[in-house]
Amino acid sequence: MERGKMAEMESLETAAEHERILREIESTDTACIGPTLRSVYDGEEHGRFMEKLEARIRNHDREIEKMCNFHYQGFVDSITELLKVRGEAQKLKNQVTDTNRKLQNEGKELIVAMEELKQCRLQQRNISATVDKLTLCLPVLEMYSKLREQMKSKRHYPALKTLEHLEHTYLPQVSHYRFCKIMVDNIPKLREEIKEVSMSDLKDFLESIRKHSDKIGETAMKQAQQQRNLDNIVSQHPRISGGKKSKKEACASSELEVKNTSPMSEQDSGILDVEDEDEDEEVPGAQDLVDFSPVYRCLHIYSVLGARETFENYYRKQRRKQARLVLQPPSNMHETLDGYRKYFNQIVGFFVVEDHILHTTQGLVNRAYIDELWEMALSKTIAALRTHSSYCSDPSLVLDLKNLIVLFADTLQGYGFPVNQLFDMLLEIQDQYSETLLKKWSGVFRNILDSDNYSPIPVTNEEVYKKIVGQFPFQDAELEKQPFPKKFPFSEFVPKVYNQIKEFIYACLKFSEDLHLSSTEVDDMIRKSTNLLLTRTLSNCLQNVIKRKNVGLTELVQIIINTTHLEKSCKFLEEFITNITNVLPETVHTTKLYGTTTFKDARHAAEEEIYTNLNQKIDQFLQLADYDWMAMEPGSKASDYLVDLIGFLRSTFAVFTHLPGKVAQTACMSACKHLSTSLMQLLLEAEVRQLTLGALQQFNLDVEECEQFARSGPVPGFQGDTLQLAFIDLRQAVQPLRWDSMENLSKSRPCTGTGTWFLWVLFL
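Residues numbered from 1 in each chain as written. Predicted model: local features only at pLDDT ≥ 70, side-chain atom pairs only at ≥ 80, totals over all residues. Heavy atoms only, no water.

An unreviewed UniProt entry lists the protein under the name Exocyst complex component, with Amazona collaria given as the organism. Turning to the protein, the UniProt annotation filed under Function (unreviewed entry) states: "Component of the exocyst complex involved in the docking of exocytic vesicles with fusion sites on the plasma membrane." Listed under Sequence similarities (unreviewed entry) in UniProt, the entry text for the protein is "Belongs to the SEC15 family." (UniProt positions renumbered as here; feature names shortened; annotations may be inferred.)

Structural data, given as structure tokens:
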């Protein structure tokens, strides 16, 4: 029973639930009925629910049927009205169909026009979009075209700026286009291409500079020469001003022009063509010959690309290599001045370029780099000059080289390079120049001495007399009073040698010009060189002439006379040097001329040679002596050889009239002593073992002839019987105490042997 109650309760609950679900179905939107039906099918009573649902449907059908029955007449009326409306609607439909057909027929053209308008609108929209896109793309293409044009015309720096604008301003706006991506990918390649092309231009510039350094240097040295000439003119005429610019002003103006030049210059690299200028015309500045724009462009390009240090290192490395090439002198440089000139021109050209780069760029080269190069150049140049100048034997070439070195030094000094070492080296070259001068003047003196006739210079008129007196400082009141024709006491080599000494002094003075030496230093240099000329060169030449085998007594006498006058002229040479150097001889440390000693030594050598020659001549005559020591009767006069010898001595001493008195007296005394000694030797020879009184009397006649010569005074100046004393020993040897006793002695027994002779002498 309980089960029945429970079942009944469950049935009631189920029925209530089904009722609720039906109400929800009736009141709920059909879109939401799914969950409700799912709750029915989730339960187990869906069969009973279906039964209730069908029952509910039937109830609703019955209600609908009731309602329809209630409203049937109205429904019929409505159907009738509807049928009427149907007819009208059909008419209206036909009208609408006709209207539509007419409208379609009429709208075909409009539709075609509308389609055309649609296409036009579409095209217009596309064109507008294209114009907008092209508006963005055209500047990019224009910039790219401009870039290519600039690169083609080698305007590398503007090309780099264009590339920068293209990359950062224009390409980002159209970066989604494929051609833009290609451009973006090509930008690094373009930069590298610009670097390579600019570097190629720089290499061309460096090569051109290397080839034309001598032209640049030649122009710079011409400019320095003009400046020096202008300074000399100004120093002589201080009031003159204006005219040509000074070198520093010219350099400054040139640098200003270069600084104002844009690095975007489109000129090609290299050396500008310049015609050879006359000396009187303005020489263009060395910097004006060079187009430095490739350096500036390349420097700016590498700076913008962040590779400035790489560029600086490359430039300096290449210029160091070029410096080493420039500083390598040609092997035959010493042969001509042009070899030195070209060498100097290249060095000057190199440093003019570097100095200009230093002042017109910021940091490409610095002062330390320039100083390092200059130190290297200075050492190598000095070494090369020392080596090659040592081969020079022509003083004219050495002097021209000195002038060239001075111009070289002045040129570089004008650009701020220290050149003291070059002037120090010139003092070394001065010693070599002195040696070459000495060698040259040695030949000059030899030619003068060899070509001289060693005879007093004859003068036929006043004009010739004044000419010679003008060449050589000679004053003789007695000679001036004598009528023409007359003779100077000296031969032609005296004025010639004197003038050549002055020419030598002038040559020494030429070397000292422009060396920035003080007057004292110039004076000392000239005096030392002149002393070498006198004590070594001229002295050797005189000694060689004196020692020659074929020199005669007349020549020796004339040499003594000439050297005497040259010795007196030394004071005039002192005055000559003083006048050209303005240094008084009394100045402390002033070197004195040693010419007096030179000429004294030469004169003494000539005197000794005269004594020697006289003795040799006497010996030659004595070799002709042929005494018959066993002759019974003497001759009627002195021996022929002795007569000839005395005649020779008389004629020789007659030539000694212009010699200093002591020289002539010494020569005469020496000859007489040598003659006396030689005659004594004839008696004392071992071969003379015996002699007769006749032979002794003949020998006595010869001694008397000698004594007579001594008494005749062949040379004035001897006091009393001084000259006869030379034969006193000989006289004492041959004078018998009593000729009659000696005669008896000789008749009874001839003298035999040297010992017997000495006994006879003792007996006398």
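J.: Before we go on, may I ask you to explain the side chain of Thr-361 in this structure?
T.: Position of Thr-361 relative to the elements: it lies in the loop between helix H10 (337-360) and helix H11 (367-389). Relative accessible area serves as the criterion here: at 8%, Thr-361 is assigned to the buried category. Only 2.5 Å separates the side chain of Thr-361 from the backbone oxygen of Ile-357, close enough to count as a polar contact. Excluding anything up to four places from it in sequence, Thr-361 contacts Tyr-296 and Leu-299. (Helix = DSSP H or I, 4+ residues; strand = E, 2+ residues; numbered from the N terminus. Buried < 20%, exposed > 50% of the residue type's maximum accessible area, 1.4 Å probe, protein only. Polar contact = N/O pair within 3.5 Å; in protein donor to acceptor, adjacent residues only side chain to side chain. Contact = heavy atoms within 4.5 Å.)

J.: Is there a simple way to think about the environment of Asp-291 in this case?
T.: Assignment of secondary structure puts Asp-291 in strand S2 (residues 290-291). Judged by relative accessible area, which is 6%, Asp-291 ranks as buried. Spatially, the C-alpha atom of Asp-291 lies 9.8 Å from that of Ile-209, the residues being 82 residues apart in sequence. Of note is the side chain of Asp-291, whose polar atom sits 2.8 Å from the side chain of Ser-293.

J.: Please explain the packing of aromatic side chains as it appears in this structure.
T.: The geometry of an aromatic ring pair comes down to the distance between the two centres and the angle between the two planes. Applying the stated criterion across every chain, the model contains 24 aromatic pairs. Aromatic pair Tyr-465 and Phe-484: ring centres 6.4 Å apart, planes at 80°, arrangement edge-to-face. Taken together, the residues span a long stretch of sequence, with Tyr-465 in helix H14 (residues 462-471) and Phe-484 in the loop between helix H15 (477-481) and strand S4 (486-487) at a distance of 19 residues. Under the relative-accessibility criterion, Tyr-465 is labelled buried at 6%. (Phe/Tyr/Trp six-rings, centres within 6.5 Å; stacked < 30°, edge-to-face > 60°.)

J.: In this structure, what is going on with the pattern of salt bridges? I would like to understand it.
T.: Tallied over the full model, the rule gives 21 salt bridges. Between Lys-496 and Glu-492 there is a salt bridge whose closest N-O contact spans 3.8 Å. Put simply, Glu-707 and Arg-731 hold a salt bridge, and the shortest N to O gap is 2.9 Å. Taken together, the residues Glu-707 in helix H23 (residues 693-711) and Arg-731 in helix H24 (residues 728-734) connect sequence positions 24 residues apart. Residues Glu-707 and Arg-731 agree in their burial class; the two are buried. A cluster of three or more residues bridged by salt bridges with shared partners is formed by Glu-207, Arg-210 and Lys-211. (Salt bridge = Lys/Arg side-chain N within 4 Å of Asp/Glu carboxyl O.)

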